[in-house]
Number of protein chains: 2
Amino acid sequence: MANTEPERVLLAHGGGGQLTNRLIRERILPSLKNDSLSELGDSACLDLESGSICFTTDSYVVKPLFFNGGDIGKLAVCGTVNDLAVAGSRPLVLTLALIIEAGLEFGVLEKILHSIGETARLNGVSIVTGDTKTVERGSADGIFINTAGIGVRLPGVHVGLDKIAVGDKILVNGTLGDHGMTIISQREGIGFESQLQSDCAGLAGLTCALFETVSGIRFMRDATRGGLAAVLNEMVENAAFGVEICEKDVPIKPAVQAAADMLGFDVLNIANEGKFVVVVSAEGADECLRICRDHALGRDAAVIGEVVDAQGVPLVELQTKMGGKRIVQMPYGRELPRIC
Amino acid sequence: MANTEPERVLLAHGGGGQLTNRLIRERILPSLKNDSLSELGDSACLDLESGSICFTTDSYVVKPLFFNGGDIGKLAVCGTVNDLAVAGSRPLVLTLALIIEAGLEFGVLEKILHSIGETARLNGVSIVTGDTKTVERGSADGIFINTAGIGVRLPGVHVGLDKIAVGDKILVNGTLGDHGMTIISQREGIGFESQLQSDCAGLAGLTCALFETVSGIRFMRDATRGGLAAVLNEMVENAAFGVEICEKDVPIKPAVQAAADMLGFDVLNIANEGKFVVVVSAEGADECLRICRDHALGRDAAVIGEVVDAQGVPLVELQTKMGGKRIVQMPYGRELPRIC
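Residues numbered from 1 in each chain as written. Chains lettered and ligands numbered in written order. Predicted model: local features only at pLDDT ≥ 70, side-chain atom pairs only at ≥ 80, totals over all residues. Heavy atoms only, no water.

## What about the domain arrangement of chain A?
Residues and elements named next belong to chain A. Assigned domains of chain A: these are domain 1 (11–153) and domain 2 (161–327). Domain 1 and domain 2 are separated by 28 Å when their C-alpha centres are compared. On the domain 2 side, the residues contacting the 21 residues of domain 1 number 24 residues. With both chains or domains summed, domain 1 and domain 2 bury close to 1600 Å², and 60% of this area falls on carbon and sulfur atoms. Ranking the residues of domain 1 by area buried against domain 2 places Asn68, Asn82 and Val86 at the top, with a combined share of 36%. Across the domain 1-domain 2 interface, the total number found is nine residue pairs in polar contact (both at pLDDT 80 or more). Put simply, the parts of the chain that give the side of domain 1 that touches domain 2 at least two residues each are β3 (66–67), α3 (72–86) and β5 (89–101). Looking at which element gives the most residues to the side of domain 1 that touches domain 2, the answer is α3, with nine residues. By residue class, the composition of the side of domain 1 that touches domain 2 is 10 nonpolar, seven polar and four charged. (Domains from an automatic or database assignment. Contact = heavy atoms within 4.5 Å. Buried area = accessible area lost by both parts, 1.4 Å probe. Polar contact = N/O pair within 3.5 Å; in protein donor to acceptor, adjacent residues only side chain to side chain. Helix = DSSP H or I, 4+ residues; strand = E, 2+ residues; numbered from the N terminus. Nonpolar A, V, L, I, M, F, W, Y, C, P; charged D, E, K, R; others polar.)

Structure representation (structure tokens):
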């Protein structure tokens, strides 16, 4: 075997032999190092403080791999951290499974892995086990990443759609549409895409603070694919209540709104990667808002609406800036391929 | 929107809107139904009996999607179940993440999902949460599947490379090379590929019986990518001991050996999906063998060798049928793309 290292991932790097070993030890582990991972078993053995956990998974297929404000690696950590966080748990451990297209440059792989390691450290989670597969050129698109995660449930937190009641307030922790419009604008090359930046961030610090301090939190969900519109529509589906939001209160950056207008999107349908929707009792809303605004990831938090009597027809309605009303529908799906 | 259902998965089915909802509710959930999954949150909330768990992940990119003895769905359940089983745990819950190439026929998807549901039921595990992404035609190859899993650790089980001692016996639970040679032979079309069948199976029933009954189990690993050779070489890496196995004792089906000879493979390097290697004390070996042979997935179990004094050079050596000795190396990797 020659001494010259290939500059790209080969199909053979997924064969389970010497090359796989070297790929993992030389290229993957250095960015992710922790004791549990270094044993390189196929399973991580963990002693959690409690068996009351949240368990989640997400695959990431975002295109392009690198974008303003993040990359597929940062996204793969934040997205899964956020799914655990909004469910009322403290994210603890992640798995990392890579599907790599043969031909991916090692430099690209290492940049992504560095981002994964850095984001995991920042968010207080450990990558405890993983898997690496390769497929032929043309059988994938660079790299796809799956992370699964476990979080320990916060004691006393009971959230769910069934906890929502008429009169509850609806908050978001900041401006909407940043992630999705950044990705779409970079793909389309609209000319001012450099003014847009993904909001990709791990929210567990903020959500844990909210759950631990505010009583009356009914429901929380991160507004990813399908955006705010999808979350609100999932809330009212089969519900006895409706939702009314005020357009003027929904925080949207001017550049995001401009890009959406130019490209013909409704920002309410656009994916976020650092935003949650929280439903909280009217009494708890002020404290919830205050805690958000005191946190770096909640500076632009706002109460955007409330839960209303459905009067038999559970809908999401928007009071427009012009004083009218329109129904916010569940997005159909076409506008958002490979946004995360 | 028209009433006619598309016959294939569309890119828009991954957009997070109405179409994603319909794909999940109409095509995915029916095969997998259980209470935890039906809530459709992004996380599953679980109350495990203990926080002492094993946690694992694997992506599956096998080609072809359907093969004699199984399919990518069966594999995706069994492979992750087995990673948990050999680590000394009882597999409990799985996540299911699909990356689907636009254009995949719904019929194919549903066949795979049916297989996943059936295999999960047979193995006593629940699919508790999932994720569905779509990518454009040409950006994946039909479907890639990731499953992550949690198992509850069996009390009193302590296995690991550091527990292995000179004199320990090495067993396998049956014939080797069946899965890999089935896949390779179907791809190559060697003419008698219909005589070959993957050994794809969930091993937790057998491994739990072993862990609960046999004292002296030191180490267990499923022999997937890289086959027996990879497991044994991982054992001796950085170890103070070596491994010696007897060719005549290694169970291999004649058709598998014939296919390997014809195509120029060493069966020891070939992937299995229903086989483990177990290292057990000399005193425990007979009981281990008896329990295996009493189980449907261990009929052809055999003691194939033992752990020997490395004398400074930890190697895997094979006593050949001809009476000679050869070193069994870690496979390089080239022979085994997309075997699982």
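## Some words on the packing of aromatic side chains
A full pass over the atoms with the stated rule returns two aromatic pairs over all chains. Centroid distance Phe55(A) to Phe55(B): 5.9 Å. Interplanar angle 70 degrees. Geometry classified as edge-to-face. Of this pair, Phe55(A) sits in strand β2 (residues 52–60) while Phe55(B) sits in strand β2 (residues 52–60), which puts the two residues in different chains. Owing to a relative accessible area of 0%, Phe55(B) belongs among the buried residues under this scheme. Between the aromatic rings of Phe144(A) and Phe144(B), the centroid separation amounts to 6.3 Å while the plane-to-plane angle is 50 degrees, which identifies the pairing as tilted. In this pair, Phe144(A) is assigned in strand β7 (residues 143–153) and Phe144(B) in strand β7 (residues 143–153), connecting two distinct chains. (Phe/Tyr/Trp six-rings, centres within 6.5 Å; stacked < 30°, edge-to-face > 60°. Buried < 20%, exposed > 50% of the residue type's maximum accessible area, 1.4 Å probe, protein only.)

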